[in-house]
Amino acid sequence: MATIETIYLGELRTENEHLQSGNKVITDAPIDNRGKGEFFSPTDLLATALGSCIMTIMGITTRDNSIDIEGTKVNVTKIMASDPRRVAEVIVEFDFPKKNYSNEEKRIVESVAGTSPVPLSLHPDLKQTISFIW
C-alpha cells in the first residue's frame, strides 16, 4: 500500500497526502528555480526531514533515559549546488533549553545524531553538518 499520494497542481506545485492520516503538504518550486516559493520546496522537505528525524531519535533516546529536551529547537540550513542542481550540504543546529545537562546526558543525546533513518539514507556526498548548543 502506498504511503503518500502526490497530485501535480500545475505551476510547479504539488499536493502530497499522507494516506494514513489524511494530512497534506503542498510544495512549490523555489523562486530561483522558476517557482513561486510560497510553500516548502521538495529540497526544503529533504532538509526538514533530516533535522526532524534526528530530533525524533533524540526524543526516543532521551525519553528512555529520563532526560528532558522539551523545547529544543533545530535550525536547518540547506545549501544548494549546481551542475547538477542538488542539495550539497544540510547544516543542522540543535539549540537546547538551559537545563544544566550533565556531560553524560549531552554525550547520550549527541551519540544518536547520525543514527536515525534519514541521515543513514542520504547519499554520502551530501554533507551533513550537525552541531549542538547547550
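Refer to the structure above for everything that follows.
What comes next is a walk through the structure. Please read all numbers here as calculations on a predicted model, not as lab measurements.

Rules used throughout
Residues numbered from 1 in each chain as written. Predicted model: local features only at pLDDT ≥ 70, side-chain atom pairs only at ≥ 80, totals over all residues. Heavy atoms only, no water. Pairing = 2+ DSSP bridges. Helix = DSSP H or I, 4+ residues; strand = E, 2+ residues; numbered from the N terminus. Patch = residues over 30% accessible without salt bridge, like charges linked within 9 Å, V, L, I, M, F, W, Y side chains within 5 Å. Areas by Shrake-Rupley, 256 points an atom, 1.4 Å probe, with all protein chains shown as cover. Salt bridge = Lys/Arg side-chain N within 4 Å of Asp/Glu carboxyl O. Buried < 20%, exposed > 50% of the residue type's maximum accessible area, 1.4 Å probe, protein only.

Brief notes about the pairing of strand β4 (residues 73-81)
Here comes step 1: Relative to strand β5 (residues 86-95), β4 runs antiparallel, the two sharing 9 bridges. By the bridge assignment for β5, I79 is matched with E89.
Here comes step 2: The hairpin formed by β4 and β5 contains 4 residues between the paired strands, and D83 there has a positive phi angle of roughly 60°.

Looking at the environment of G35
Here comes step 1: With respect to the helices and strands, G35 occurs in the loop between β3 (24-28) and α1 (42-64).
Here comes step 2: Between the C-alpha atom of G35 and that of D95, which follows or precedes it by 60 residues, the distance is 32 Å.

Description of unusual backbone geometry
Here comes step 1: The step from D83 to P84 runs through a cis peptide bond, and the omega angle for that step is 5°.
Here comes step 2: Structurally, P84 can be placed in the loop between β4 and β5.
Here comes step 3: Its identity is not glycine, yet L12 carries a phi of approximately 65°, on the positive side.
Here comes step 4: The residue L12 is located in the loop between β1 (4-10) and β2 (13-18) in this model.

Some points on a nonpolar patch on the surface
Here comes step 1: Together, V25, F40 and L45 line one region of the surface with nonpolar side chains, adding up to about 230 Å² of accessible area.
Here comes step 2: For F40, the location among the structural elements is in the loop between β3 and α1.
Here comes step 3: When its relative accessible area of 43% is taken as the criterion, F40 is described as partly exposed.

Distances and angles like these do not, on their own, reveal function.
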